[in-house]
Amino acid sequence: MINGNEVDDSQLSSSSSQQLVALRCQFHAELKVGETLVIVGSTPLLGKWKAEDGFKLSWTEGNVWRGNLPIERKEFEFKLVVEKTSGETYWEKGENRKINKTIEANTVEVKSTFGTNEDME
């Protein structure tokens, strides 16, 4: 699982990473102490739908989970996953979240509220 790897715009300007953009995430989620919110998705940088290879967000005051990570400059889908202290994972219910277009900007911001246990399966 990717954990704590923050990316800034200067890291995206090199020729080797011209296909990457900064994905800045912010989700409000009230989880139990010791649980972690993870982004898992369709790209290799989001774990190719394997929760253990996803991107762990960092908790901040107000139960806001944040993270900045490099993401490929193309359409992708993702879900939020709660990793319990036991190692079990609970996936967000419903349709996948989507970035539906090829990304033109150097930064994409995703902000949302992730609800209660009814949102997980």
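Please refer to the structure placed before this passage.
The sections below set out a description of the structure shown in this document. (Residues numbered from 1 in each chain as written. Predicted model: local features only at pLDDT ≥ 70, side-chain atom pairs only at ≥ 80, totals over all residues. Heavy atoms only, no water.)

### Remarks on the overall build of the protein chain
Of regular secondary structure, the protein chain possesses 0 helices and 10 strands. Of the regular secondary structure in the protein chain, the N- to C-terminal order runs β-β-β-β-β-β-β-β-β-β. Burial status across the protein chain gives 38% buried among its 121 residues. Of all intrachain contacts in the protein chain linking residues separated by at least 6 positions in sequence, the fraction that spans at least 24 positions is 67%. Summed over all atoms, the accessible surface of the protein chain reaches about 6,800 Å², with 44% contributed by carbon and sulfur. (Helix = DSSP H or I, 4+ residues; strand = E, 2+ residues; numbered from the N terminus. Buried < 20%, exposed > 50% of the residue type's maximum accessible area, 1.4 Å probe, protein only. Contact = heavy atoms within 4.5 Å. Areas by Shrake-Rupley, 256 points an atom, 1.4 Å probe, with all protein chains shown as cover.)

### Thoughts on the packing of aromatic side chains
Under the defined criterion, the tally for this structure stands at 2 aromatic pairs. Taking 6.4 Å as the distance between ring centres and 35 degrees as the angle between the ring planes, the aromatic pair formed by Trp 49 and Trp 91 counts as tilted. Taken as a pair, Trp 49 in the loop between β3 (36-41) and β4 (55-56) and Trp 91 in strand β8 (residues 89-91) lie far apart in primary sequence, 42 residues in all. Residue class for Trp 49 comes out partly exposed when judged on its relative accessible area of 32%. (Phe/Tyr/Trp six-rings, centres within 6.5 Å; stacked < 30°, edge-to-face > 60°.)

### With respect to the nonpolar core
Membership of the largest hydrophobic core comes to 22 residues, with the highest contact counts inside it found for Leu 23, Phe 27, Leu 37, Ile 39, Leu 46 and Leu 57. Broken down by secondary-structure element, the contributors of at least two residues to this core are β2 (20-28), β3, β6 (64-72), β7 (76-83) and β10 (107-113). The contacts of Leu 57, once residues within four sequence positions are left out, are Cys 25, Phe 27, Thr 36, Leu 37, Ile 39, Trp 65, Arg 66 and Gly 67. (Core = buried A, V, L, I, M, F, W, Y, C linked by side-chain atoms within 4.5 Å.)

### Description of the pattern of salt bridges
Counted under the stated rule, the structure contains 4 salt bridges. Note that Lys 56 is salt-bridged to Glu 83, the shortest N-O span being 3.4 Å. Highlighted residues: Lys 56 in strand β4 and Glu 83 in strand β7, separated in sequence by 27 residues. By relative accessible area, Glu 83 is classed as buried at 17%. Put simply, Lys 74 and Glu 72 hold a salt bridge, and the shortest N to O gap is 3.6 Å. Judged by relative accessible area, which is 42%, Lys 74 ranks as partly exposed. (Salt bridge = Lys/Arg side-chain N within 4 Å of Asp/Glu carboxyl O.)

### Some points on the side chain of Lys 79
Inspection of the secondary structure assignment puts Lys 79 in strand β7. For the buried residue Lys 79, which engages in no salt bridge, the nearest side chain bearing the opposite charge is Glu 92, 5.4 Å off. A distance of 2.3 Å separates a polar atom in the side chain of Lys 79 from the backbone oxygen of Gly 94. Sequence-distant contacts of Lys 79, that is, excluding residues within four places in its chain, are made with Val 38, Ile 39, Val 40, Trp 49, Trp 91, Glu 92, Lys 93, Gly 94, Glu 95 and Asn 96. (Lys, Arg positive; Asp, Glu negative; His and termini not counted. Polar contact = N/O pair within 3.5 Å; in protein donor to acceptor, adjacent residues only side chain to side chain.)

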